[in-house]
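# Observations on the three-dimensional arrangement
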Amino acid sequence: MKKIKSGAWGRLRRTLAVAALTSVVAAPAFAGDIKIGALNALTGPIPDLAKVILESEQAAVAFINANGGMGSGDALVLASGDSGCDAKAAVDAATKIVNVEQVSIIIGPLCSGATIGAVQAVTIPAGVVNISPSATSPAITDLDDNDNVFRTCPSDAYQGVTLAKLARSMGYSKLATTYANDDYNAGLHDVFVQAFTEAGGTITADQMHEANKASYRSELATLASSGDPEALALFAYYSGSGITIMRQSIENGFFGNFIGADGMLAQETIDQVGASNLGDTVLTTGTADPSSSHFQTYSGLFDKPSDPYAAQAWDAVMIAALAIERAGHKGQGNTRDLSAHVRAVTNAPGEEVGPGDWAKAKKLIAAGKDINYQGAAGDHEFDANGDVAGIYGANVVEGGKWVQTLID
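Notes on the structure follow. (Residues numbered from 1 in each chain as written. Predicted model: local features only at pLDDT ≥ 70, side-chain atom pairs only at ≥ 80, totals over all residues. Heavy atoms only, no water.)

### As for the side chain of Asn 40
Along the chain, the position of Asn 40 falls in strand E1 (residues 34-40). Within the structure, Asn 40 has its side chain in polar contact with the side chain of Glu 57 (distance 3.5 Å). Discounting residues that sit within four places of it in the chain, Asn 40 has contacts with Ala 50, Ile 53, Leu 54, Glu 57, Ser 80, Gly 81, Asp 82, Ser 83, Gly 84 and Leu 110. (Helix = DSSP H or I, 4+ residues; strand = E, 2+ residues; numbered from the N terminus. Polar contact = N/O pair within 3.5 Å; in protein donor to acceptor, adjacent residues only side chain to side chain. Contact = heavy atoms within 4.5 Å.)

### With respect to the packing of helix H2 (residues 47-66) against helix H11 (residues 310-329)
In the contact formed by H2 and H11, the axes pass within 8 Å of each other and the chain directions differ by 40°. Taken together, the axes of H2 and H11 lie oblique to each other. H11 is crossed by H2, and the crossing has right-handed handedness. Within the contact between the two elements, H2 uses Val 52, Ile 53, Ser 56, Glu 57, Ala 59, Ala 60, Val 61, Phe 63 and Ile 64 and H11 uses Ala 310, Ala 313, Trp 314, Val 317, Met 318 and Ala 321. (Axes fitted to C-alpha atoms, helices over the stretch in contact; angles between N-to-C directions. Parallel < 35°, antiparallel > 145°, perpendicular 65-115°, else oblique. Left-handed = near helix turned anticlockwise from the far one by under 90°.)

### So, the pairing of strand E15 (residues 401-406)
When strand E14 (residues 391-398) meets E15, the two strands line up antiparallel, connected through 6 bridges. Its bridge partner being in E15, Gly 393 is matched across the sheet by Leu 406. (Pairing = 2+ DSSP bridges.)

### Brief notes about the pattern of salt bridges
Within the structure shown, the criterion is met by 10 salt bridges. With its nearest N and O atoms 2.7 Å apart, the salt bridge here joins Lys 51 to Glu 55. Placement of both Lys 51 and Glu 55 in helix H2 is noted, with a separation of 4 residues, approximately one turn of the helix. For Lys 304, the salt bridge goes to Glu 55, with nearest N and O atoms at 3.4 Å. With Lys 304 in the loop between helix H10 (293-299) and H11 and Glu 55 in helix H2, the pair connects residues that are 249 residues apart, well separated along the chain. Residue classification places Glu 55 among the partly exposed residues on the basis of a relative accessible area of 22%. Ionic contacts of the salt-bridge type, sharing partners, join the residues Lys 51, Glu 55 and Lys 304 into one network. (Salt bridge = Lys/Arg side-chain N within 4 Å of Asp/Glu carboxyl O. Buried < 20%, exposed > 50% of the residue type's maximum accessible area, 1.4 Å probe, protein only.)

### Notes on H11
For H11, spanning 20 residues, the distance from its first C-alpha to its last is 29 Å, which sits close to the expected 28 Å at 1.5 Å a residue. With 19 of 20 residues buried, H11 is to be regarded as a mostly interior element. (Expected span 1.5 Å × (residues − 1).)

### A short note on the environment of Arg 326
Inspection of the secondary structure assignment puts Arg 326 in helix H11. With 40 residues separating them along the chain, Arg 326 and Ala 366 place their C-alpha atoms 8.0 Å apart. Beyond its immediate chain neighbours, meaning those up to four positions away, Arg 326 contacts His 341, Ala 344, Val 345, Ile 365 and Asp 370.

If you want it as structure tokens, here you go:
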């Protein structure tokens, strides 16, 4: 078979996606089951995180269906695809969901590189809205997306600064850094390095690395021997390179202290590296305020509410379903101007509804009332770029598990 060149392949993907748009837009409102897409990452470098995110999405769909469903009682259906946290796989999965499943809105993808690949090649040309619960790269903010890309998680433009301030408050003044060669980790690393140095810290050595190598000993030896670093700032996915780097750092005496972010936040990290070896490790992640009434409501609806990005996933499904519900009652089908409906159900003004208020929200929409969704993960007031402000937590190992406290 003759291999298609990458540029031609991209044009073919875009052509297929745009061709599918006509049939999607023409679909009548509430004609049987209502589908939304979900681009997850059950394969790839974050399977444990992705599994819980998908479970939260599925739980949200089940909750909606148990409380009146869509329109006059139609079922909400989740059409799932696997991006594998890979741009090409995400394009393939998005193409199938848009063309075959004919969805008008997609939850995900989860990883930043997969999100950028899928939205640029498929969903933006097709006019399909994306709401990612966990793609945090700052590069997503400035995409030319026709207002079709949203996030219920905050950008790493904020997390990198938060982590840098946390590192300085912990007394670190000299750090070595290493980051995986992907959009999420590279973007977070760049923000962190700038913020840490501006706060008076010194980066003693800095290296990009490729994922899935058997050994990083040579790179780690160089990092550890340059400038007497106090710890390693590690930006990686836990099963892509992160666990290997931590384990080899400890085994060879290169580093014993680590700071990092949510790509490393998994029970597998503790299980494979050992809780006793991670006593001084701190990881940040976007989170929710457990004291808020909306998060407490959500906690009663899903059994893993505090897992990373689970609350954001629930909110993404609720926002997507509310937007479709509003579009149907406005006589605009399931897709036309759907991004405007996403903003209408989340941004003030409007009567506040929370993560457990589906039936109430439906009645308000049917009565022509404005609503303002207040999420389990916070107040999702989307800015002009589809971004939201966020809350961050610091995670440390206690009793063999990650324990989180909010960062002021």
